[in-house]
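Listed below, chain by chain, are the residues.
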Amino acid sequence: MSEKTVGQEMLDALSYKKKNIYEEATPEKISAIMEYAKGYAKYLDEGKTEREAVGAAIEIAKAAGYTEYKFGDSISVGDKKYLNQHGKSVILFRVGENDIEKEGIRILAAHVDSPRLDLKQIPMYEDAGMAFLKTHYYGGVKKYQWTAIPLALHGVMVKADGETVDVKIGEDDSDPVFYINDLLPHLGQRQSAETLGNAISGETLNILIGGLPYDDKEVGEKIKLTALSLLHDKYGVTEEDFLSAELSLVPAFKARDIGFDRALMAAYGHDDRVCSYPAVTALVDTPDSKHTVMVVLADKEEIGSVGITSMQSDFLVDLIDEISSSLGKNRIVVRSKSKCLSADVTACYDPNFADVYEKRNSAMISCGTTMSKYTGSRGKSSTNDASAEFVAFIRRLFRDNGVVWQTAELGKVDMGGGGTVAMYIANHNIETVDLGVPVISMHAPYEVVSKADVYSTYEAFVAFIK
């Protein structure tokens, strides 16, 4: 092998290249990556809705000694608390000994809602020997991807007297699953001529729930009655209770390894539980940190971060103000000194669709957690554009802690884009930048990530907290 020239050595020294984690990892590191992924897979399977993901996160925190906080409670140095926001968002926080008026609060902010199908308030009907439930899709979905796959029903029904009934059907091997009919190709000529966006309409995303007539010849809607009677027998609910229900259809798939080598993982809801799980585990795994730290798991990001459980709600800044007041600190100063990693996913470069990516500035699989200085679309519209100084701060932090990471934007400039919660946090005068895991097939019912990127994100959060 010939020796490198002076110019080649200089090029190597001065150039920037992304690193594939698996290429450089020791066997011990690869073992740690694989082991961490097992816990993440369990979290995914237990938390397919925002309510379930919040509940799973709280259980992890409680096992680490965290107790519930409610607005108005006193707060002291050393406290480990969680603020449960209506069961659909949560803030886990630990009060450190460092002065928050000098260094602020370290914040990790992810979201736990994912694209899905929600039931309409009057969903059930019978037609042509079948019973169905009407849906309204939630978030950005390709509607055709949700037909002809097994679906599970998750959520709550709240009766008029206030009793809450938890519903989960389709996850156990002994459970039935649900289904959306699609048109057979033999009769699908006109459907095939439509664009992907129009081939399946929202009003045809109807959930097939049964076909057994109730044993009463005098009843008009026998199949619907069978479904209602089964729900009443199991849950004690009536059709009117759908009016005050939050029920969603999600894929019935379990998280599974992908490929011969198991380096990748497929699951429903990587976006954005693939960032929420590393955030929670990084918090509980760094008990010796002297920083005051928050992990925010918010709802409603997929529909614009609106409502009292979203990042545009005041519950985050209210809690910062409560902590500041309890510690005798100026809340405005505390916010101005705080720093946040908006923990959200980004698009992973896919060679099968290379024409929509700008390869130099795309996230590559297994090359580490990904910083997006800005997101938005077409001219950086609706984005937080992090400052060069804050990006440099994060660079130093990762360099000093051996974190493998990369940068990316969401596709070619004129191709589209997307948003995160970063801009809503930055609006409170909190320095914020996006950081998270690259995802293949984002927003599909079954998404793919690299286990190495998940573990890299965990390492990045640990470094930020420490």
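Structure: above.
Computed from a predicted structure; not experimentally measured.

Parameters and conventions
- Residues numbered from 1 in each chain as written.
- Predicted model: local features only at pLDDT ≥ 70, side-chain atom pairs only at ≥ 80, totals over all residues.
- Heavy atoms only, no water.
- Salt bridge = Lys/Arg side-chain N within 4 Å of Asp/Glu carboxyl O.
- Helix = DSSP H or I, 4+ residues; strand = E, 2+ residues; numbered from the N terminus.
- Buried < 20%, exposed > 50% of the residue type's maximum accessible area, 1.4 Å probe, protein only.
- Pairing = 2+ DSSP bridges.
- Contact = heavy atoms within 4.5 Å.
- Axes fitted to C-alpha atoms, helices over the stretch in contact; angles between N-to-C directions.

Notes on the pattern of salt bridges
The tally for this structure, following the rule as stated, stands at 29 salt bridges. Notably, a salt bridge pairs lysine 38 with glutamate 35, separated by 3.4 Å at the nearest N-O pair. In this pair, lysine 38 and glutamate 35 are both assigned in helix H3 (residues 27-46), three residues apart and thus about one turn of the helix distant. Look at glutamate 35 and you get partly exposed, because its relative accessible area is 49%. Through salt bridges with shared partners, one network takes in Arg51, Lys88, Glu246, Asp299 and Lys300.

Re the sheet that holds strand S19 (residues 405-407)
A sheet is described by the order of its strands in space; here nine strands give the open sequence S1-S2-S3-S14-S4-S15-S21-S17-S19, paired in mixed fashion. Lying at the two open borders of the sheet, with one neighbouring strand each, are strand S1 (67-68) and S19. Here four bridges tie strand S4 (residues 106-111) to strand S15 (residues 339-342), and the two strands are oriented parallel to one another. Across the sheet, the residue bridging to arginine 106 is lysine 339, located in S15. Sitting on the sheet, helix H4 (residues 50-63) is in contact with strand S2 (80-85), strand S3 (89-94) and strand S14 (293-298), with an inclination near 20 degrees to S3. Across the sheet, helix H12 (residues 388-400) is in contact with S4, S15, strand S17 (369-372), S19 and strand S21 (431-436); its angle to S21 comes to roughly 50 degrees.

Brief notes about the sheet that holds strand S10 (residues 207-210)
Taken in spatial order, the seven strands make up an open sheet running S8-S7-S11-S5-S6-S10-S9, and their pairing is antiparallel. Among the strands making up the open sheet, the edge pair consists of strand S8 (164-169) and strand S9 (179-180). As paired elements, strand S5 (residues 116-127) and strand S11 (residues 245-251) share two bridges and run antiparallel to each other. When the bridges of S11 are listed, leucine 117 appears paired with leucine 249. Lying on the sheet, helix H8 (residues 222-235) is in contact with S5, strand S6 (130-138), S8 and S10; it crosses S5 at an angle near 125 degrees.

Here we look at unusual backbone geometry
For the bond from aspartate 271 to aspartate 272, the omega torsion is 15 degrees, close enough to zero to count as cis. Here aspartate 272 is to be found in helix H9 (residues 270-284). Positive phi, close to 60 degrees, is recorded for serine 441, a residue that is not glycine. With respect to the element layout, serine 441 can be found in the loop between strand S22 (438-439) and strand S23 (447-450). Serine 441 gets classed as partly exposed once you look at its relative accessible area, which sits at 40%. At histidine 443, a residue that is not glycine, the phi angle is positive and equals roughly 75 degrees. Checked against the element boundaries, histidine 443 lands in the loop between S22 and S23. With a relative accessible area of 18%, histidine 443 lands in the buried category.

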